[in-house]
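# Observations on chain architecture
Here are the chains, one letter per residue:
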Amino acid sequence: MGRAAEMLGTTQGFLRAIGEARLITPLRSAGGHRRYSRYQLRIAARARELVDQGTPIEAACRIVILEDQLEEAQRINAEYRRAAEAANPTAAT
């Protein structure tokens, strides 16, 4: 956790807070240490940006969750669009 906080330029308390807000749930090592994935660190960094701009931590976590959901929905939509165009190439023109 200390290394992750250092990489993000934040405190361990901030990482605990976004964990309590269920924004990220790090894995635990055999010794009980929190282990963060690159994705989780990217999410935490985005939350930190919002908090640094004055957004309350709970709101920042919700914003990050919604941004992530929107990105996923747009990705899925693009896949469906490509599949529809492949199934009916004349309809796209």
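Data block above holds the structure.
Because the structure is a prediction, the values reported are computed rather than measured.

It is worth spelling out the packing of helix α3 (residues 38-52) against helix α4 (residues 57-87) at this point. With their axes 9 Å apart at the nearest point, α3 and α4 run at an angle of 130 degrees to one another. By the angle between their axes, α3 is oblique relative to α4. In terms of crossing hand, the pair formed by α3 and α4 is right-handed. Facing α3, whose interface residues are Tyr39, Ile43, Arg46, Ala47, Leu50 and Val51, α4 presents Ile57, Ala60, Ile63, Val64, Glu67 and Asp68. For the contact of α3 with α4, the residue count by class is nine nonpolar, no polar and three charged.

What follows covers the side chain of glutamine 40. By the element assignment, glutamine 40 lies in helix α3. A polar side-chain atom of glutamine 40 sits 2.9 Å from the main-chain carbonyl oxygen of threonine 25. In this structure, glutamine 40 is in contact with Ile24, Thr25, Pro26 and Arg35, ignoring residues within four places of it in sequence.

A word on helix α2 (residues 12-20). Turn by turn, an α-helix covers 3.6 residues, leaving residues three or four places apart pointing in a common direction. Among the residues making up α2, those that are buried are Phe14, Leu15 and Ile18. Seen from one end, α2 has its buried residues packed into an arc of 100 degrees, which puts them on one side. Residues of α2 that are buried make contact with α1 (2-8), α3 and α4. Positive phi shows up at arginine 22, right after α2, with a value of about 65 degrees.

Counting 18 residues, the largest nonpolar core has Leu15, Ile18, Leu23, Ile24 and Tyr36 as its most contacted members. If you list the elements that add at least two residues to this core, you get α1, α2, α3 and α4. Of the residues forming this core, the biggest block, five residues, is contributed by α3.

Here is what the cut-offs are and how they apply
- Residue indices begin from 1 for each chain and proceed along its sequence in written order.
- In view of the model being predicted, local features appear only for residues whose pLDDT reaches at least 70, and side-chain atom pairs are presented and counted only at 80 or more, with totals across whole chains, interfaces and linings using the full set of residues.
- The side-chain quantities take in all heavy atoms of the structure and omit both hydrogens and water.
- Fitting a line to C-alpha atoms yields each axis, with helices limited to the stretch in contact; the angle taken between N-to-C directions then spans 0 to 180 degrees.
- Working definition: helices are DSSP H or I runs of at least four residues, strands are E runs of at least two. Numbering for both runs from the N terminus.
- In these notes the angle categories are as follows: under 35 degrees is roughly parallel, over 145 is roughly antiparallel, 65 to 115 is roughly perpendicular, and the rest is oblique.
- Crossings are classed by handedness, with left-handed meaning an anticlockwise turn of the near helix from the far one by less than a right angle and right-handed meaning a clockwise turn.
- Residues count as neighbours in contact if any of their non-hydrogen atoms are within 4.5 Å of one another.
- Residues are grouped as follows: Ala, Val, Leu, Ile, Met, Phe, Trp, Tyr, Cys and Pro are nonpolar; Asp, Glu, Lys and Arg are charged; every other residue, Gly included, is polar.
- Here a polar contact is recorded for every N or O atom pair within 3.5 Å, except that within protein the pair must consist of a potential hydrogen donor and a potential acceptor, and residues adjacent in sequence are included only if both atoms are side-chain atoms.
- Burial classes follow relative accessibility: with a 1.4 Å probe on protein chains only, a residue under 20% of its type's maximum area counts as buried, one over 50% as exposed, and anything between as partly exposed.
- Directions from the helix axis toward the C-beta atoms define the arc.
- Buried Ala, Val, Leu, Ile, Met, Phe, Trp, Tyr and Cys residues form a nonpolar core when they are joined through side-chain atoms within 4.5 Å.

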